[in-house]
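What the coordinates show
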Amino acid sequence: MASSAGPLHAFLAGTGRDSRGRLAADVLGFPDEPLEEVHDYIQWLFPLPARSGAQPGAPILTQAEIDAIRADPSAQDTLRRAAGRMLRFYQDTRWWLSSYDHNHLRITRIIHSLRILTGPEEAQRFHNAVLDLNDAAGLPVNARSLEYWADAAGT
């Protein structure tokens, strides 16, 4: 692997630690309860080029890091595994299937980050999967969240 372009690239490549000293593998190994209760990992697993309203101290994705993450097979693998882990979390839990829940913001972030870093196919795959879960639950998610998800997916 080429040298890291920054902390987010290093974290996703599996060689760097987040602001609390965790590796990506540590976070991916979280059981469902910490995935729900811990609020500072999602910005590292699914970074964006905008400041986080929920975690303003989280790093911001730069163009250099976008380029490095896109070109790094290890970082791409981490992103795919992270998307799979979060999807399992959403399949295994149901409290987010309500009109309003903080996980709706997380889902928007995940879809948007996947579109930027892995491409539209991975983003659309995740988007479709959460829409299927919402459909199966009787469509409890509010229209505004659904619009944000669609915008994040580029649809």
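Right above here is the structure, for reference.
Residues numbered from 1 in each chain as written. Predicted model: local features only at pLDDT ≥ 70, side-chain atom pairs only at ≥ 80, totals over all residues. Heavy atoms only, no water.

Turning our eyes to something else, we now look at helix H7 (residues 102-117). Its 16 residues give H7 an end-to-end C-alpha distance of 23 Å, which sits within 8% of 22 Å, the value for a rise of 1.5 Å per residue. Burial analysis of H7 places twelve of its 16 residues in the buried class, which makes it a mostly covered element. Buried residues of H7: Asn103, His104, Arg106, Ile107, Thr108, Arg109, Ile110, Ile111, Ser113, Leu114, Ile116 and Leu117, and no others. Its side-chain oxygen at 2.8 Å from the backbone nitrogen of Asn103, Asp101 defines the N-terminal cap of H7. The first or second residue beyond H7 is Gly119, which carries a positive phi of 115°. (Helix = DSSP H or I, 4+ residues; strand = E, 2+ residues; numbered from the N terminus. Expected span 1.5 Å × (residues − 1). Buried < 20%, exposed > 50% of the residue type's maximum accessible area, 1.4 Å probe, protein only. Polar contact = N/O pair within 3.5 Å; in protein donor to acceptor, adjacent residues only side chain to side chain.)

The N-to-C vectors of helix H6 (residues 73-92) and helix H8 (residues 120-136) enclose an angle of 5°; their axes lie 10 Å apart at closest approach. Viewed along their axes, H6 and H8 adopt a mutual orientation that is roughly parallel. Here H6 contributes Arg80, Ala83, Met86, Leu87, Tyr90 and Gln91 to the contact with H8, which in turn contributes Glu122, Phe126, Ala129, Val130 and Leu133. Looking at the contact of H6 with H8 residue by residue, the class counts come to eight nonpolar, one polar and two charged. (Axes fitted to C-alpha atoms, helices over the stretch in contact; angles between N-to-C directions. Parallel < 35°, antiparallel > 145°, perpendicular 65-115°, else oblique. Contact = heavy atoms within 4.5 Å. Nonpolar A, V, L, I, M, F, W, Y, C, P; charged D, E, K, R; others polar.)

Attention now goes to the environment of His104. Inspection of the secondary structure puts His104 in helix H7. For His104 and Leu114, which are ten residues apart along the polypeptide, the C-alpha to C-alpha distance reads 15 Å. Those residues in contact with His104 that sit more than four places away from it in its chain are Trp96, Ser98, Ser99, Val141, Asn142, Ser145 and Trp149.

This paragraph deals with the pattern of salt bridges. A complete count under the given rule lists six salt bridges for this structure. Where Asp40 meets Arg22, a salt bridge forms, and the shortest distance between an N and an O atom there is 2.8 Å. Taken together, the residues Asp40 in the loop between helix H3 (32-37) and helix H4 (42-45) and Arg22 in the loop between helix H1 (7-13) and helix H2 (24-28) connect sequence positions 18 residues apart. Per residue, the accessibility class of Asp40 equals that of Arg22, and both read buried. Across the salt bridge formed by Arg85 and Asp32, the nearest N and O atoms sit 2.8 Å from each other. Of this pair, Arg85 sits in helix H6 while Asp32 sits in helix H3; the two residues are 53 residues apart in sequence, bridging distant segments of the chain. The exposure class of Arg85 is buried, given its relative accessible area of 10%. (Salt bridge = Lys/Arg side-chain N within 4 Å of Asp/Glu carboxyl O.)

This next bit is on the packing of aromatic side chains. Taken as a whole and judged by the stated rule, the model has five aromatic pairs. Ring geometry for Phe30 and Tyr41: centres 6.0 Å apart, planes at 85°, overall edge-to-face. Taken together, the residues span a long stretch of sequence, with Phe30 in the loop between H2 and H3 and Tyr41 in the loop between H3 and H4 at a distance of eleven residues. Taken together, the aromatic side chains of Phe89, Tyr90, Trp95 and Trp96 make up a single cluster linked through ring pairs. (Phe/Tyr/Trp six-rings, centres within 6.5 Å; stacked < 30°, edge-to-face > 60°.)

Below, the discussion takes up the packing of H7 against helix H9 (residues 143-153). H9 packs onto H7 with a crossing angle of 10° between their chain directions and a minimal axis gap of 8 Å. Taken together, H7 and H9 sit at an angle that is classed as roughly parallel. Between H7 and H9, the residues in contact are His104, Ile107, Thr108, Ile111, His112 and Arg115 and Ser145, Tyr148, Trp149, Asp151, Ala152 and Ala153, respectively. Partitioning the contact of H7 with H9 into residue classes produces six nonpolar, four polar and two charged.

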